Amino acid sequence: MTIQFARADNDTCGDATGAVVVIDVIRAFTTAAFAFAAGAAEILLVSTVEEALALRDRFPGSYVMGEVDGLPVKGFDFSNSPGDLFGRDFQGARFIQRTSAGTQGVVRSIGAEPLLASSFVVAGATARFVRQLAPECVTFVVTGIYPPERDGDEDAACADYLAALLAGDAPDPTPFPQRVRNSAPGLIFADPAHPEFPAIDLGYATDLDRFDFAMLVERRDGLLVMRPVRV
Ligand SMILES: O=C(O)[C@H](CS(=O)(=O)O)OP(=O)(O)O
Ligand SMILES: [Mg+2]
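What comes next is a walk through the structure. Computed from a prediction, not measured in an experiment: that's the story for all the values here.

**Some thoughts on the overall build of the protein**
Thinking step 1. What the protein contains, in helices and strands, is nine helices and nine strands.
Thinking step 2. Taking 2.2 N^0.38 as the reference for a compact globule, 231 residues should give roughly 17 Å; the C-alpha atoms of the protein span a radius of gyration of 16 Å, in line with that estimate.
Thinking step 3. A principal-axis box enclosing the C-alpha atoms of the protein has dimensions of 45 × 45 × 35 Å.
Thinking step 4. Counting over 231 residues, the protein shows a buried share of 56%.
Thinking step 5. Residue pairs at least 24 apart in sequence account for 75% of intrachain contacts in the protein once pairs closer than 6 positions are excluded.
Thinking step 6. Total accessible area on the protein stands at roughly 9,800 Å², and carbon and sulfur atoms take up 51% of it.
Thinking step 7. With 19 positive and 31 negative side-chain charges, the protein shows a separation of 5 Å between the mean positions of the two kinds.

Take a look at the structure:
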């Protein structure tokens, strides 16, 4: 099976059709994966803080998580942090997630089918899921090219890893966590002068293939509903 690969970012992903994998390693889709690992049943992905809060009102008992400028949001239940979720029990829960880069990429990928979200913790499972579908082409959306001065290499590294797995290779995993640590957000999360960006989240974000599920996003009643698919 030969798969063609394409790249997009949050400004160009609206043109992508066919299989699309939206990547956010630091931190949206690492955090989402930790929510599923803690038992969450689904995550509704949105663009704005207002949409997130309105959905929590519409779905009582749901939790809102995310960030603005990387920081916790007043009125949200959780920040955009895997460390906030680790070790907790959210069996059957519905989450709503709003982030500055990751969820924007999903919302803007309007021509994608199928649509997946990914990060290093679910990369292996994502590749297994996509290989089962045998698409002709897969577009990787590198959401980390945001703000514009960031090159998004933490997400590009994950795209490279996914492409190698999809090609049937067994890539040496060693360089990938280092690329995440060397990326612009990676350096911030490792800097003790920025305790608001916890270093432990960097450790979680670089834990390759930690989970055995892919994260499939489907459109339902005007909502973007993400759920784990075990492969
Ligand atoms: O919370 C994060 O790690 C980032 C913040 S920002 O994009 O660098 O402002 O958000 P994410 O959407 O998870 O990349
Ligand atoms: Mg990011």
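**Some points on the side chain of Arg98**
Thinking step 1. Considering the arrangement of structural elements, one finds Arg98 in strand S5 (residues 94–98).
Thinking step 2. Despite its burial, Arg98 pairs with no opposite charge; the closest candidate is Glu67, at 4.4 Å N-O.
Thinking step 3. Of note is the side chain of Arg98, whose polar atom sits 2.9 Å from the backbone oxygen of Ser47.
Thinking step 4. Setting aside residues up to four positions removed in sequence, Arg98 forms contacts with Val46, Ser47, Thr48, Val49, Ala52, Met65, Gly66, Glu67, Val68, Phe76, Thr103 and Gln104.

**Some points on the site of ligand 1**
Thinking step 1. Taken together, 15 residues lie around ligand 1, and Asp24, Asn80, Thr99, Ala101 and Arg150 are the ones closest in.
Thinking step 2. Asp24 is positioned with one of its side-chain polar atoms (N or O) 2.8 Å from an oxygen atom of ligand 1.
Thinking step 3. Measuring from an oxygen atom of ligand 1, one finds a side-chain N or O atom of Thr99 at 2.7 Å.
Thinking step 4. Along the lines of polarity and charge, the residues of the shell around ligand 1 split into five nonpolar, five polar and five charged.

**Quick word on the coordination of the magnesium ion (ligand 2)**
Thinking step 1. Here the magnesium ion (ligand 2) is held by Asp24 (OD) and Ile26 (O), and the distances to it run 2.1 to 2.4 Å. Pair check on accessibility: Asp24 and Ile26 agree, each one buried.

**Comments concerning the sheet that holds strand S1 (residues 4–8)**
Thinking step 1. Taken together, nine strands build an open sheet; the order of strands is S1-S7-S2-S6-S8-S9-S3-S5-S4 and the sheet is mixed. Of all the strands in the sheet, the pair left with one neighbour each is S1 and strand S4 (63–66). Averaged over all adjacent pairs, the angle separating strand axes in this sheet is 30 degrees, with direction ignored.
Thinking step 2. In the sheet, S4 pairs with S5 via four bridges, with the strands oriented parallel. Counterpart to Gly66 in the pairing with S5 is Arg98.
Thinking step 3. Where helix H1 (residues 28–37) meets the sheet, its contacts fall on strand S2 (18–23), strand S3 (42–46), S4, S5, strand S6 (112–118), strand S8 (213–220) and strand S9 (223–230), and the angle it forms with S8 comes to roughly 95 degrees.
Thinking step 4. Packed onto the sheet, helix H6 (residues 153–166) meets S1, S2, S6 and strand S7 (137–142) and runs at close to 160 degrees relative to S7.

**Structural notes on the nonpolar core**
Looking at soluble globular proteins, one finds that nonpolar side chains tend to be buried together.
Thinking step 1. In terms of nonpolar packing, the biggest core is built from 36 residues, with Phe29, Ile43, Phe95, Met215 and Met226 touching the most fellow members.
Thinking step 2. Listed by contribution, the elements that provide at least two residues to this core are S2, H1, S3, S6, S8 and S9.
Thinking step 3. The biggest single contributor to this core is H1, with seven residues.
Thinking step 4. Core analysis: the next-biggest nonpolar cluster, separate from the first, contains 32 residues, Phe140, Cys158, Phe189 and Val229 among them.

**Points about the pattern of salt bridges**
Thinking step 1. Applying the stated rule across the entire model yields twelve salt bridges.
Thinking step 2. The partner of Arg220 in a salt bridge is Glu42, and the shortest N-O contact between them spans 3.3 Å. Placement of Arg220 in strand S8 and of Glu42 in strand S3 is noted, with a sequence separation of 178 residues between them.
Thinking step 3. Between Arg56 and Asp77 there is a salt bridge, with the nearest N and O atoms lying 3.1 Å from each other.

Here is what the cut-offs are and how they apply
Residues numbered from 1 in each chain as written. Chains lettered and ligands numbered in written order. Predicted model: local features only at pLDDT ≥ 70, side-chain atom pairs only at ≥ 80, totals over all residues. Heavy atoms only, no water. Helix = DSSP H or I, 4+ residues; strand = E, 2+ residues; numbered from the N terminus. Rg over C-alpha atoms; globule rule 2.2 N^0.38 Å. Buried < 20%, exposed > 50% of the residue type's maximum accessible area, 1.4 Å probe, protein only. Contact = heavy atoms within 4.5 Å. Areas by Shrake-Rupley, 256 points an atom, 1.4 Å probe, with all protein chains shown as cover. Lys, Arg positive; Asp, Glu negative; His and termini not counted. Charge placed at Lys NZ, Arg CZ, Asp CG, Glu CD. Salt bridge = Lys/Arg side-chain N within 4 Å of Asp/Glu carboxyl O. Polar contact = N/O pair within 3.5 Å; in protein donor to acceptor, adjacent residues only side chain to side chain. Near = heavy atom within 4 Å. Nonpolar A, V, L, I, M, F, W, Y, C, P; charged D, E, K, R; others polar. Donors = N, O, S within 2.8 Å, 3.2 Å for Na, K, Ca; no water. Pairing = 2+ DSSP bridges. Axes fitted to C-alpha atoms, helices over the stretch in contact; angles between N-to-C directions. Core = buried A, V, L, I, M, F, W, Y, C linked by side-chain atoms within 4.5 Å.

Honestly, it's all geometry; don't read function into it.
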